[in-house]
Amino acid sequence: MRNLRATGRPPGPMAIRSLLPTHPPDKVRAILRGLPTATGYRVTVKALRYRTAPHLQAFTFWDHPEILIQVPEPFRPFREVVDLGALGAPLVLFRTRREVIRFLYLHELCHWWLYLTHGWGAAAEIACDRYAYANYRRRGIVRPPAIRTPWERAA
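About the thresholds
Residues numbered from 1 in each chain as written. Predicted model: local features only at pLDDT ≥ 70, side-chain atom pairs only at ≥ 80, totals over all residues. Heavy atoms only, no water. Buried < 20%, exposed > 50% of the residue type's maximum accessible area, 1.4 Å probe, protein only. Helix = DSSP H or I, 4+ residues; strand = E, 2+ residues; numbered from the N terminus. Pairing = 2+ DSSP bridges. Axes fitted to C-alpha atoms, helices over the stretch in contact; angles between N-to-C directions. Parallel < 35°, antiparallel > 145°, perpendicular 65-115°, else oblique. Left-handed = near helix turned anticlockwise from the far one by under 90°. Contact = heavy atoms within 4.5 Å. Nonpolar A, V, L, I, M, F, W, Y, C, P; charged D, E, K, R; others polar. Phe/Tyr/Trp six-rings, centres within 6.5 Å; stacked < 30°, edge-to-face > 60°. Arc of directions from axis to C-beta.

Now for the pairing of strand β4 (residues 66–73). Along β4, eight of the eight residues are buried, which leaves the element largely enclosed by surrounding structure. Judged by which residues are buried, β4 turns out to be covered on both faces: Glu66, Leu68, Gln70 and Pro72 on one side and Ile67, Ile69, Val71 and Glu73 on the other are all buried. By the bridge criterion, eight bridges tie strand β2 (residues 42–49) to β4 in an arrangement that is parallel. Looking at the pairing, Arg42 lines up with Glu66 of β4. Relative to β4, strand β3 (residues 57–61) runs antiparallel, the two sharing five bridges. Across the sheet, the residue bridging to Thr60 is Ile67, located in β4.

In C-alpha cells form, the structure reads like this:
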C-alpha cells in the first residue's frame, strides 16, 4: 500500500530469482501464479544440499526483504511431518519440486502477511503450516491468510 501512495500506481510484479538449474525465474513465476504476491519482497529459489534425506527449508528475511525457498537436490519424492496443531500432524508426501516451492512459498508468505498485518511474522508456525497445507495443491486463485488475533472480530 505504501508504494501505491508514493507513486500513484500499484507496485510491479514480484521479483523472482532462481539459482535452481531446473527452474528458471519464468518457470518459478508460473508455479506461483494464482498465489498471493509478497509485494516488495524478492523470492529466491535455490538448491538445498541435504546430508541424509530431503526436507523442507525456507526463510523470510526482514532486514533485506527476501523470501528464500530451498528445494532438496537431488530431488526425490519425500514425506515431511507438517504440524497443524489441534488438527494433527500428517506425514505429507511432496512428489515434485513444484509442490515444495508452492508449500514453502505459502508458508513464508503467511509469515510476511502476519508481519505486515500484526507485527508478529516470526511466530505462528502452526498457523502458517495450516495455511500452506490447505492451499499448496489448490488450483486457481488462492486468497491471502485470514488469520486474526483473538481480540479481533471477524468482518
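Next comes the rest of the write-up.
On to the packing of helix α3 (residues 97–118) against helix α4 (residues 125–135). Packing of α3 against α4 leaves a shortest axis separation of 8 Å and a crossing angle of 135°. The orientation of α3 with respect to α4, classified from their angle, is oblique. As α3 packs across α4, the resulting crossing turns out to be right-handed. Packed against α3, whose contacting residues are Arg102, Phe103, Leu106, His107, Leu109, Cys110, His111 and Leu114, the element α4 presents Glu125, Ala127, Cys128, Asp129, Tyr131, Ala132, Tyr133 and Asn135 at the interface. Class assignment for the residues of the contact of α3 with α4 results in ten nonpolar, three polar and three charged.

Evaluation of the coordinates by the stated rule reveals nine aromatic pairs. With a centroid separation of 6.1 Å and an interplanar angle of 70°, the aromatic rings of Phe75 and Phe78 are classed as edge-to-face. Like Phe75, the residue Phe78 is buried in the burial classification. An angle of 40° between the planes, with centres 5.6 Å apart, marks the rings of Phe94 and Tyr136 as tilted. Residue Phe94 is located in strand β6 (residues 91–94), and its partner Tyr136 is located in the segment after α4; the two are separated by 42 residues in the primary sequence. In this pair, the class of Phe94 matches that of Tyr136, namely buried.

The next subject is helix α2 (residues 25–32). Every buried residue of α2 is listed here: Val28, Ile31 and Leu32. Buried residues of α2 fall within an arc of 90° about the axis and therefore sit on the same side. Close packing links the buried residues of α2 with β1 (15–18), β2 and α3.

Right, let's get into the sheet that holds β1. Read across the sheet, four strands follow the order β1-β2-β4-β3 without closing on themselves; strand pairing throughout is mixed. The two strands at the open ends of the sheet, each matched to only one other strand, are β1 and β3. Averaged over all pairs of adjacent strands, the angle between their axes in this sheet comes to 20°, without regard to strand direction. Pairing of β1 with β2 involves four bridges; the strand directions are parallel. Across the sheet, residue Ala15 finds its bridge partner in β2, namely Arg42. Sitting on the sheet, α2 is in contact with β1 and β2, with an inclination near 125° to β1. Along the sheet face, α3 touches β2, β3 and β4 and points at about 150° away from the line of β4.

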